[in-house]
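# Fold and geometry: a report
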Amino acid sequence: MGSEVTVIKTDHTGEEVWRYPAEVIARSPLHVTLEARFNRDDMELGYARFRRDDRFVETFYSDRWYSIFEVHDVDDDRLKGWYCNFSRPAHIDDGLVRADDLALDLFVYPDGRSLVLDRDEFDDLPVSDQTRAAGLAALSELQARVAAKEPPFDQVR
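In this report, the structure presented in the accompanying data block is examined. Just so we're clear, the structure is a prediction, and the values are computed from it rather than from any experiment.

Taken together, D118, D120, E121 and D124 make up a surface patch of like negative charges. A residue is classified by how much of its surface remains accessible, and E121, at 45% relative accessible area, is partly exposed.

Here we take up the pattern of salt bridges. For the structure on display, the rule yields 14 salt bridges. Note that K80 and D54 form a salt bridge whose closest N and O atoms lie 2.5 Å from each other. Within this pair, whereas K80 is found in strand β8 (residues 79-87), its partner D54 is found in the loop between β5 (49-50) and β6 (55-61), the two being separated by 26 residues in sequence. In this structure K80 comes out as buried when scored by relative accessible area, which is 10%. Residue classification places D54 among the buried positions, given a relative accessible area of 0%.

Right, let's get into the environment of F69. Along the polypeptide, F69 turns up in strand β7 (residues 66-72). Expressed as a C-alpha distance, the spacing of F69 and E58, which sit eleven residues apart in the sequence, is 4.3 Å. The contacts of F69, once residues within four sequence positions are left out, are Y20, F56, V57, E58, F60, G81, W82 and Y83.

Conventions used here
All chains use their own residue numbering, which begins from 1 and follows the written sequence. With pLDDT at 70 or above as the cut-off, local features in this predicted model cover only qualifying residues; side-chain atom pairs require 80 or more to be listed or tallied, and sums for whole chains, interfaces and linings still use all residues. Excluded from the side-chain calculations are hydrogens and water; all other atoms, namely the structure's heavy atoms, are used. Residues enter patches when they are more than 30% accessible in relative terms and free of salt bridges; like-charged ones are connected within 9 Å and nonpolar ones (Val, Leu, Ile, Met, Phe, Trp, Tyr) within 5 Å. Computed with the Shrake-Rupley method and a 1.4 Å probe, the accessible areas treat only the protein chains shown as cover for residues. Only one rule defines a salt bridge in this text: a Lys or Arg side-chain nitrogen within 4 Å of an Asp or Glu carboxyl oxygen. Charged residues are defined here as Lys and Arg on the positive side and Asp and Glu on the negative side; His and the ends of the chain fall outside this count. Here the site of a charge means NZ on Lys, CZ on Arg, CG on Asp, or CD on Glu. Exposure categories follow from relative accessible area, calculated using a 1.4 Å probe and restricted to protein chains: below 20% of the type maximum is buried, above 50% is exposed, and the middle band is partly exposed. Segments assigned H or I by DSSP are reported as helices when at least four residues long, segments assigned E as strands when at least two residues long, and all are numbered from the N terminus. Residue contacts are defined here by distance: any two heavy atoms, one from each residue, within 4.5 Å place the two residues in contact.

Given below as structure tokens:
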């Protein structure tokens, strides 16, 4: 594949909050998998530390209410975990991937433990009941996938 795309993360209103370049490594009619480098200063998040140039393998779906980012350390490429971002289904075009973030996140550690993040912020978003229900259903789906060790969580140790 190897083509470059721009990823645009927007908030729940569609306003852009972050953009970065990525390279396409796989594509199907309903998803795209990208490789990107973390392009912000180091961030200590409490549950993990993201460092500038950490390698992210990101899968966006046009038919699912989440994306999955596999996070690898910049120094030794060890798996830090999976950052799962809940959003409206992604818009995937040839040179652009765009996703409306819904604040809710799930972090899955390499040992299979997981942590729901920003649930209060998600609960406070001024979104429709349908959007809220879709986000919560997506969370349940991913938690079940983690528990069943379905890809990409089949790498859990």
